[in-house]
Amino acid sequence: MSTFSDPDTVSSYAEMAERNVPALRDLHHMVSILLGERVSSDGRVLVLGAGGGLELRAMARLNSGWSFDGVDPSPQMLDQARAVTHDFAERITLREGYIEDAPDGPFDGATCLLTLHFLSREERARTLREICRRLRPGAPLAIVHHSFANDDAGKDKWLARFAKYISTSEMGEAGNRINVEAMKERLPVLSPEQDVAILHDSGFSQVELFYAALTFRGWVAYRT
Ligand SMILES: C[S@@+](CC[C@H](N)C(=O)[O-])C[C@H]1O[C@@H](n2cnc3c(N)ncnc32)[C@H](O)[C@@H]1O
């Protein structure tokens, strides 16, 4: 069973995300502001890895004219997104699948939050190219995920910091441990430099860092 089909993970997703990702609500606010610089008031936004629905809800609240296409391979996470975004349902289309299942657009902006760190380098590059292809020229993409020095020592150091951050969180006891060894082995994390290079190689330019929080980095980039 993948993590995102496990009923406990899915039902506690919002709480877990708030605990694990520093300033998650502020992050959504920032993403919305950055996209809003170029997405018009009636713009169309692609949300890849839309399961859970948190960024959809935040962007829909702040931008009453935007419509959204959310894509995610986990039906359980999409159900969660449906529930969380209930108030904005008429502006949100959710699809089960991967980037190739997304409509062709063209989209005025896109996000991919807390998702790309699960993808191998090749799959990430392919996914980013496919997002790029669906954007209008000049349209923004915001991405956020784990990104840190990925040699052995770097992984040990940063994952230990992440584990400590979580285990000392004030946000409750439930499940506040991570399996550092499993993360080290399974998460195909890239360094910030590699992440930026992949964005450039996938058709994006003007790559700007807007979020750096412990193990997480976020960039906004624009379709060339
Ligand atoms: C940690 S959750 C992030 C959800 C949401 N973007 C957020 O920020 O709260 C990761 C999501 O990525 C989805 N996912 C995994 N692999 C994917 C892929 N190749 N393409 C799109 N989504 C993927 C999972 O099903 C899961 O819903």
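For the structure given in this document, a descriptive report is provided here. Along each chain, residues carry numbers from 1 onward, in the same order as the chain's sequence is written. Owing to the predicted nature of the model, reporting of local features is limited to residues with pLDDT of at least 70; listing and counting of side-chain atom pairs is limited to 80 or more, with chain, interface and lining totals taken over all residues.

A few points about unusual backbone geometry
With an omega of 0 degrees, the peptide bond between Gly105 and Pro106 qualifies as cis. Under the DSSP-based scheme used, a helix requires at least four consecutive residues in state H or I and a strand at least two consecutive residues in state E, with every element numbered from the N terminus. Within the secondary structure, Pro106 sits in the loop between strand 3 (92-96) and strand 4 (109-113). One non-glycine residue, Ala23, adopts positive backbone phi at about 55 degrees. Along the chain, the position of Ala23 falls in the loop between helix 2 (13-20) and helix 3 (24-36).

Some thoughts on the sheet that holds strand 6 (residues 204-213)
One open sheet holds the 7 strands; their spatial order is 3-2-1-4-5-7-6, and the pairing between them is mixed. Of all strands in the sheet, those with a lone pairing partner are strand 3 and strand 6, marking the two edges. Here the average twist between neighbouring strands, direction ignored, is 15 degrees. Whether two strands pair comes down to DSSP finding at least two bridges between them. Across 4 bridges, strand 1 (residues 44-48) lies against strand 4 in parallel orientation. Its bridge partner lying in strand 4, Val47 is registered against Thr111. Any two residues are considered in contact once their C-beta atoms, placed from the backbone, lie within 7 Å. To get an axis, fit a line to the C-alpha atoms, keeping to the stretch in contact for a helix; angles then go from 0 to 180 degrees between the N-to-C directions. The sheet contacts of helix 5 (residues 75-84) involve strand 2 (67-72) and strand 3, and relative to strand 3 the element is tilted by about 170 degrees. Packed on one face of the sheet, helix 6 (residues 121-134) meets strand 1, strand 4, strand 5 (140-146), strand 6 and strand 7 (216-223) and runs near 170 degrees to strand 1.

Remarks on the site of the ligand
Here, nearness is defined through the C-beta atom: a residue counts as near a molecule or strand if that backbone-placed atom lies within 6 Å of it. In the neighbourhood of the ligand, 18 residues make up the surrounding shell, with Gly49, Gly51, Ser74, Met77 and Leu113 lying closest. When residue character is reported, Ala, Val, Leu, Ile, Met, Phe, Trp, Tyr, Cys and Pro are called nonpolar, Asp, Glu, Lys and Arg charged, and the others, Gly included, polar. For the shell around the ligand, the per-class residue count stands at 11 nonpolar, 5 polar and 2 charged.

What to know about the pairing of strand 6
Note: strand 6 against strand 7, 7 bridges, orientation antiparallel. Bridge assignment links Ala212 to a residue of strand 7, and that residue is Arg217. Here strand 6 folds back onto strand 7 in antiparallel fashion, the turn holding 2 residues, of which Leu214 has a positive phi close to 50 degrees.

With respect to the environment of Met16
By the secondary structure assignment, Met16 is in helix 2. Partly exposed residues are those falling between the two cut-offs: more than 12 but fewer than 20 other C-beta atoms within 10 Å of their own, whereas 20 or more means buried and 12 or fewer means exposed, with C-beta atoms placed from the backbone. The exposure class of Met16 is partly exposed, given the 19 C-beta atoms found within 10 Å. Sequence separation between Met16 and Ile166 is 150 residues; the distance between their C-alpha atoms is 9.8 Å.

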